Structure formats: structure tokens, C-alpha cells
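# Geometric and topological summary
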Amino acid sequence: MTNYDVIIIGAGPSGTSCAYNIKRYHPDASVLLLDKAEFPRYKPCGGGVSPEVQNYFDFDVKGGIDSICTDVVMVANQKNIECNDFPLWMVRREKFDKFLLDKAIAKDVQFMANCEVVNIIRLPEQSTVVTKDHGEFSAKVVVIAEGGRGKLAKKLGMSAKNTVLAALEYEHYTSHLDGKLYIDFDYNDSGYAWNFPKSDGMSLGIGGFLKGRAKGNVGLPERLGKYSQQFSVDKLDKQYLHGHPILLYSGRQKLVHDNVILIGEIAGCVDPLTAEGIRPAIKSGYLAAKVIAYCIRENRVKKSLANYDLAFDKEIGRDFYYARIMAYFLNNNLAKILPMISKPSAVKGFMSVFSGSSSYRDKINFRRILQLIWRSIFK
Ligand SMILES: Cc1cc2nc3c(=O)[nH]c(=O)nc-3n(C[C@H](O)[C@H](O)[C@H](O)COP(=O)(O)OP(=O)(O)OC[C@H]3O[C@@H](n4cnc5c(N)ncnc54)[C@H](O)[C@@H]3O)c2cc1C
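The shown structure was predicted, so the numbers you read here are calculated from the model rather than taken from an experiment.

What follows concerns the overall build of the protein chain. Counting secondary structure elements, the protein chain contains 11 helices and 18 strands. Since a compact globule built from 379 residues should have a radius of gyration of about 21 Å, the 21 Å found for the protein chain is in line with a globular shape. C-alpha extents for the protein chain along the principal axes are approximately 60 × 45 × 40 Å.

Moving on, we get to unusual backbone geometry. Looking along the chain, the bond that leaves phenylalanine 39 and enters proline 40 is cis, with omega of 0°. Structurally, the position occupied by proline 40 is in the loop between β2 (31–34) and β3 (48–49). We note that asparagine 77 has phi near 50°; this positive angle belongs to a residue other than glycine. Here asparagine 77 lies in the loop between β5 (72–76) and β6 (79–83).

With that settled, consider the environment of isoleucine 316. As for its placement among the helices and strands, isoleucine 316 is situated in helix α7 (residues 307–332). The spatial distance from the C-alpha of isoleucine 316 to the C-alpha of glutamate 222 is 35 Å, given a sequence separation of 94 residues.

Another aspect to go through is the sheet that holds strand β13 (residues 181–184). Read across the open sheet, the seven strands follow the order β6-β5-β13-β14-β15-β12-β16; overall the sheet is mixed. Only two strands of the sheet have a single partner each, and these edge strands are β6 and β16 (241–248). When the angles between neighbouring strand axes are averaged without regard to direction, this sheet yields 20°.

Right, let's talk about the domain arrangement of the protein chain for a bit. Under the domain assignment used here, the protein chain contains domain 1 (2–66 + 90–161 + 248–321) and domain 2 (163–246). Taking only C-alpha atoms, the centre of domain 1 and the centre of domain 2 are 28 Å apart. Tallying the contact residues gives 16 residues for domain 1 and 15 residues for domain 2. Of the residues that constitute the side of domain 1 that touches domain 2, the class distribution is seven nonpolar, six polar and three charged.

Let us look at the pairing of β5. Counting buried residues along β5, four of its five residues qualify, which places the element largely inside the surrounding structure. Sheet topology places β5 next to β6; five bridges connect them, and they run antiparallel. In the sheet register, valine 73 faces β6, and the bridge partner there is glutamate 82. In this structure, β5 lies alongside β13, joined through four bridges in parallel fashion. Following the sheet pairing, valine 72 is matched in β13 by leucine 181.

What follows deals with the packing of helix α5 (residues 278–298) against α7. Running from amino to carboxyl end, α5 crosses α7 at an angle of 145°, the nearest separation of the two axes being 9 Å. Considering only the axes of α5 and α7, their crossing is right-handed. In this structure, α5 uses Pro280, Lys283, Ser284, Leu287, Ala288 and Val291 to contact α7, whose residues at the interface are Asn307, Tyr308, Ala311, Phe312, Glu315 and Ile316. Counted by class, the contact of α5 with α7 contains eight nonpolar, two polar and two charged residues.

Taken together, 41 residues lie around the ligand, and Gly10, Gly12, Gly147, Gly264 and Gly277 are the ones closest in. Among the residues making up the shell around the ligand, the classes are represented as 18 nonpolar, 14 polar and nine charged. For the shell around the ligand, the domains that each give at least three residues are domain 1 (2–66 + 90–161 + 248–321) and domain 2 (163–246).

Across the sheet, which stays open at both edges, the three strands sit in the order β3-β7-β4 with antiparallel pairing between neighbours. Taken across any chain shown, the strands that pair with only one partner, and hence form the sheet edges, are β3 and β4 (67–69). Across two bridges, the pairing between β3 and strand β7 (residues 88–90) is antiparallel. From the neighbouring strand, glycine 48 faces β7, where its bridge partner is methionine 90.

Rules used throughout
- Residues numbered from 1 in each chain as written.
- Predicted model: local features only at pLDDT ≥ 70, side-chain atom pairs only at ≥ 80, totals over all residues.
- Helix = DSSP H or I, 4+ residues; strand = E, 2+ residues; numbered from the N terminus.
- Rg over C-alpha atoms; globule rule 2.2 N^0.38 Å.
- Pairing = 2+ DSSP bridges.
- Axes fitted to C-alpha atoms, helices over the stretch in contact; angles between N-to-C directions.
- Domains from an automatic or database assignment.
- Contact = placed C-beta atoms within 7 Å.
- Nonpolar A, V, L, I, M, F, W, Y, C, P; charged D, E, K, R; others polar.
- Buried ≥ 20, exposed ≤ 12 C-beta atoms within 10 Å, placed from the backbone.
- Left-handed = near helix turned anticlockwise from the far one by under 90°.
- Near = placed C-beta within 6 Å.

Structural data, given as C-alpha cells:
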């Protein structure tokens, strides 16, 4: 059995960010990155990314993006509110994820595709990773970065209790484009529909909470079909339609379990208000990498790996706490609250957070929230 310092399971943005940054901060560490897929691979995703992700790498991330969009249209109560102040990166995940993976490989991370991990045997010093077809490997630290559909964390009793959003993505390839990004609240009772422009088409989608009688099928295909018609998509072709759950942040939880840790979406590292997951995934991979690099270099895995829990809470969890409060009131009182927030200033505030120019903590005015709660209850 080959031994490594670190094994990372999953080569999405969280896994590659973690792998790359471990080598960046501790070039001598031996890092194995495993993914059950072959790259490039498709991942259902709108592909809207905050330029803030640049902060977590020392190379130019723009090399992996499709385009930059500055024209955002938010639609609520049949009213269009435009915002042109904050650039957002648009990515095609097959290209973006492969770009980040290649950067990690170039940094001497060992990568194995088509390598599904089926179990982790947790041992105090060196845990064993069991794969379906490629035998076993062992490491001082094992990182689970398996994304929203992963099964390992659940199997090992480590999965976080996350709120699940059902989402549907449709890729429409066309040259008839206006280059605008649309976020539309008029097509769902909880959640929103979107059209994220790409250079060769649009990524159309819709998300909604799994709750009540509609659980498991919140009527998303019909709603997305209706929404897409305004962009001259008459019928959704099933081969370009992809369903996927999104695990939203649901509060503080333990992400370090001895020498096994969770990053990215399987750690519930997705904005509970917007369902944005790429930037937080990259950031959690970066935070974990800094802690792991230190632990391996100083031989302090047992003593210091839990610092990742603290860093996650400080750098990601605290801001998501504010987003959760907003999400709770918005999703439970969408019809009442929407008219109150359908204003250019609110859209601007929202876009400044989404683009990474500011944080929820900077933007949220608690007096205003109390006013909204009061009005939503009593009006
Ligand atoms: C429809 C939809 C639209 C979205 N739109 C946006 C958006 O516009 N902007 C945004 O920021 N976020 C968006 N998200 C969220 C975002 O896609 C995810 O949160 C993000 O991809 C999480 O990254 P990750 O690295 O944690 O996991 P993933 O990107 O899911 O990667 C996990 C990897 O692990 C591998 N894997 C899983 N299990 C195993 C195993 N047992 N063995 C080996 N490999 C394994 C998988 O093959 C995969 O490559 C969207 C999500 C959905 C579903």
C-alpha cells in the first residue's frame, strides 16, 4: 500500500484548491487526488463565480473562465431591476474544473481519474482509503471533497445536517445572446430561476426547497420549461437537462474527525441565500490547505488539524450566519418580502456580496431586517 501525507477525494473546485494550496504552502508534502470521473467532466452548475476566488491562488484564474458579465437583471413582481456595477465571472465547469486540476498536477499533485473511493478506514496515525478498482492507499490526513452527491461522509457518520435545495440546469447552446445575467423570482415560491450567459449559449436553471407535499418533485421541470420560453427555448431537450441537489450551509458543525476532514459542498459550504457554492468551495479548500500544510510540516496533525474548524467558522460560517437569517425570512415570506426588496439599492447590495466586493456582515442592517420581519408578519 502506498503512503501519502494527504489524500483528497474529489477533484471539484474544493478538492483542487486544497491540493494546489497544500503544495504551495508545503512543496515537500506528498498529495494524492482521486476522482471517480474522467476530466473534463460535466457538472450541473450555472457557472457564476465571484472574482474573489483569485485571492485563493497565486496564478491568474481568468485563464479558466468563459467570460465576464457585468449586466445583471433581477426580476421580481414582473419588474426588471438592472445593475451594472459588479463583474461576475462566467465559467463552463468542464473547462474551469479541468483548468484548476491541471494547475494542481503541474504543482506535483498526483492525480488518478476513474478512481472511486468506497470506504475510509479511520486509524489514529494513518487512515486507509479503499477504492473500487485501484486498491488501497493510506495517508496522515484524508480530505473528503466529494460534493453534494457524495456518499462517503454519510457512510462514515460525518455528514452535516444540511438544508437541501433541488436544482435543475439546462444548457442551451446558441449564438443569439444579449450577454445579460438574469435572476428571476417570479417562477418559484421558494428559490429563483436564472439565465447565466456564456460565450456559446445560456445556462438556464431553477432551484427550490424540498418541502411539504411537493417533496422530491417541486414541479421544477415545468417551471423551468415555462421560464425558458422567454429566451426562445420552446422545448427542453432532455439530454441537456440535469437535476442535482445542493447542500446549503445550515449552521456550525464539526468538519474535522480525527485525521479526516470535510471541505466544499459536502461540508455544507454553500451560501444559504444564493446557493453559490464555487467560491466557498475554493475558499474552504484554501483554508484547509493552510492548516494541513502546517500540520504535516510540523508533525502536528493530532494537535492542530482541528484549527480548520475554527478557521471555517471565522472565515465562512460567520458570514453565512447572516445569509441564513435572510434566507429564512425570504423563503418563508417571499410574496410579502419581495415587493419591499425589489429596489435598485437592494439589488446593488445583493450583487456587491455575490461578486465578492463586500460581505453580508457589511451589508446587512439589522434594523431594516426587523422592519421587514415586522411588516411580513403584520401586513
Ligand atoms: C444546478 C446547479 C447550479 C449551480 N450554480 C452555481 C453557480 O452559478 N455558482 C456557484 O458558485 N455555485 C453553483 N452551484 C453550486 C456548485 O456547483 C457546487 O457547490 C460546487 O461544485 C461544489 O464544489 P465541490 O468541490 O465541493 O464539489 P463538486 O464540484 O461536486 O466535485 C465533487 C467531485 O467529487 C467526485 N467524487 C464524488 N464522490 C467520489 C468518490 N466516492 N470517489 C471519488 N470521487 C468522488 C465527483 O466526481 C466530483 O468531481 C450550482 C449547483 C447546482 C446543482
